[in-house]
Number of protein chains: 2
Amino acid sequence: MCRTRAVLDIVGDKWALLVVRTLRDGPLRFTELKRAIDGISQRMLTVTLRDLERDGLLTRTVFNVMPPHVSYELTPMGLTLREAAAPLLEWSVAHLPAIDAARSDYDGRG
Amino acid sequence: MCRTRAVLDIVGDKWALLVVRTLRDGPLRFTELKRAIDGISQRMLTVTLRDLERDGLLTRTVFNVMPPHVSYELTPMGLTLREAAAPLLEWSVAHLPAIDAARSDYDGRG
């Protein structure tokens, strides 16, 4: 349990899951990621990308062209995380109405 | 994407996933949950249980016996979350060595 918790510090993180999901179709630049992930701050995206790179889940490639840019891409291990996280993400979308209803019910009780 | 994020505030949370996982085999009391989830504080467990109850994912039952106690149990919707989160939890356990290795490698670079 303790070691599972150590990994969940990474993958049981909303922003990490959203970054991995957003990179599912191929590499993206920082600005593209920022635009695609609603509500993420510049700093939170920077920290999340660095953690995912450190964990071996994505690679960061610097292109020395004009203008220079940086691209992020899932590693093979990152792709397996994307697969493993997919059911949870799908569940989230499917159950949002039921959760909204449960919250209204709960908040309406005395 | 925005609505997924709203649900991930709940389920993309390490402690919530660990509580749901710990309740997979049936109802448990607060003290049993606290003992089973390594490192969770009294306050964090209280908040996590209340959020999961509010979201309709578990029920809280008070037993007016001596001594009185409170029991927590997954709802049918909570059980479907447990199913959806299982691949991510299994992935976490399976990939912990690879992630540890990636971190050592990353931290060892200049």
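Residues numbered from 1 in each chain as written. Chains lettered and ligands numbered in written order. Predicted model: local features only at pLDDT ≥ 70, side-chain atom pairs only at ≥ 80, totals over all residues. Heavy atoms only, no water.

Residues and elements named next belong to chain B. Pairing geometry for strand β2 (residues 58–63) and strand β3 (residues 69–74), over six bridges, is antiparallel. Among the inter-strand pairings, T61 is bridged to a residue of β3, identified as S71. Here β2 folds back onto β3 in antiparallel fashion, the turn holding five residues. (Pairing = 2+ DSSP bridges. Helix = DSSP H or I, 4+ residues; strand = E, 2+ residues; numbered from the N terminus.)

All names here are of chain B. Following both chains from N to C, one finds helix α2 (residues 14–22) and helix α4 (residues 42–54) inclined at 75°, their axes separated by 10 Å at the closest point. On the basis of their axis angle, the class for α2 and α4 is roughly perpendicular. Packed against α2, whose contacting residues are W15, A16, V19 and V20, the element α4 presents M44, L45, T48, L49 and L52 at the interface. Split by residue class, the contact of α2 with α4 holds eight nonpolar, one polar and no charged. (Axes fitted to C-alpha atoms, helices over the stretch in contact; angles between N-to-C directions. Parallel < 35°, antiparallel > 145°, perpendicular 65-115°, else oblique. Contact = heavy atoms within 4.5 Å. Nonpolar A, V, L, I, M, F, W, Y, C, P; charged D, E, K, R; others polar.)

Another point: helix α2 (residues 14–22) of chain A. All names here are of chain A. With nine of its nine residues buried, α2 lies for the most part within the structure. Residues of α2 that are buried: K14, W15, A16, L17, L18, V19, V20, R21 and T22. Residue D13 occupies the N-cap position of α2, its side-chain oxygen lying 3.1 Å from the main-chain nitrogen of W15. (Buried < 20%, exposed > 50% of the residue type's maximum accessible area, 1.4 Å probe, protein only. Polar contact = N/O pair within 3.5 Å; in protein donor to acceptor, adjacent residues only side chain to side chain.)

A separate point is the sheet that holds strand β1 (residues 28–29) of chain B. In spatial order, the strands read β1-β3-β2 (chain B); together these three strands make up an open sheet with antiparallel pairing. Since the sheet does not close on itself, it has two edges, and those belong to β1 and β2 of chain B, each with one partner.

The subject of this paragraph is the environment of P76 of chain B. All names here are of chain B. Relative to the helices and strands, P76 resides in helix α5 (residues 76–108). Accessibility expressed as a relative area gives 66% for P76, which makes it exposed. The spacing of P76 and G56 is 20 residues in sequence and 9.2 Å in space, taken between C-alpha atoms.

Residue and element names in this part refer to chain A. Taken as a whole, this structure holds six salt bridges over all chains when the rule is applied. R109 is the salt-bridge partner of D105, the closest N and O atoms lying 3.8 Å from each other. The class for D105 is partly exposed, based on a relative accessible area of 48%. Taking relative accessible area as the criterion, R109 reaches 48% and is therefore assigned partly exposed. (Salt bridge = Lys/Arg side-chain N within 4 Å of Asp/Glu carboxyl O.)

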